[in-house]
Amino acid sequence: MHIPVEIYIIIASSVVSFIYYMINGFASVFYSKNREYSIYGPGDVTVVMPVYNEDVQTFRMAVNSIARQKPARFIVVGDSSDEPYRTIATSAGAEFYLNIPRQGKRKALAYAMRMVKTPPCHVCGQRHHCPPMGGPL
């Protein structure tokens, strides 16, 4: 019985493809664990956080979490919200700026972004998950 050449080609290409995907998959699993995702660390990043009548305990936890990561600069903009946010932010080492009258989150962020001098900037809100800095940007 004669086997057509096409069958040999299909079998050979399948074997080569299988080997290629196995090597590629193996390399990607181990390569990604040792790879640096960013050239920037927490000390190179400016963190900007707007605040407007947030829950005080939640705000305190968010500010303390960011302050522990020691960013290059930590800017909190109170959008018509001053105390106790000012005290909490400054006690954690953040710079606090008051934006009066209330103009909304977009204007508060625009106000803070004029003060950012570092290449990467991490914008964070208390109601959102703030991942640790130094990961993918």
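This section reports on the structure supplied with the text. (Residues numbered from 1 in each chain as written. Predicted model: local features only at pLDDT ≥ 70, side-chain atom pairs only at ≥ 80, totals over all residues. Heavy atoms only, no water.)

Before going further, it helps to examine the packing of aromatic side chains. Evaluated as defined, the whole model comprises three aromatic pairs. Here the aromatic rings of Tyr20 and Tyr21 are separated by 5.1 Å at their centres, their planes lie at 75 degrees, and the arrangement is edge-to-face. Ring centres of Tyr97 and Tyr111 lie 6.2 Å apart, and the angle between their planes is 75 degrees; on these two criteria the pair is classed as edge-to-face. Of this pair, Tyr97 sits in strand E3 (residues 95-99) while Tyr111 sits in helix H4 (residues 105-113), and the two are 14 residues apart along the sequence. Here Tyr111 falls in the partly exposed class, since its relative accessible area comes to 26%. (Phe/Tyr/Trp six-rings, centres within 6.5 Å; stacked < 30°, edge-to-face > 60°. Helix = DSSP H or I, 4+ residues; strand = E, 2+ residues; numbered from the N terminus. Buried < 20%, exposed > 50% of the residue type's maximum accessible area, 1.4 Å probe, protein only.)

Quick look at a nonpolar patch on the surface now. A grouping of Ile3, Ile7, Tyr8, Ile10, Ile11, Val15, Phe18, Ile19, Met22 and Ile23 is seen on the molecular surface, where their side chains present a nonpolar patch of about 990 Å² in accessible area. Among the secondary structure elements, Met22 is positioned in helix H1 (residues 5-34). (Patch = residues over 30% accessible without salt bridge, like charges linked within 9 Å, V, L, I, M, F, W, Y side chains within 5 Å. Areas by Shrake-Rupley, 256 points an atom, 1.4 Å probe, with all protein chains shown as cover. Salt bridge = Lys/Arg side-chain N within 4 Å of Asp/Glu carboxyl O.)

A few words now on the nonpolar core. With 16 residues, the main nonpolar core has Met49, Phe59, Phe74 and Val76 as its most contacted residues. Where this core is concerned, the elements lending two or more residues are strand E1 (46-51), helix H2 (56-68), strand E2 (73-79) and helix H3 (85-91). For this core, the leading source of residues is H2, giving four residues. In this structure, Phe74 is in contact with Val47, Met49, Val63, Ile66, Ala67, Ala94 and Glu95, ignoring residues within four places of it in sequence. Judged by nonpolar contacts, the second largest core, of eight residues, contains Val77, Ala108, Ala112 and Met115. (Core = buried A, V, L, I, M, F, W, Y, C linked by side-chain atoms within 4.5 Å. Contact = heavy atoms within 4.5 Å.)

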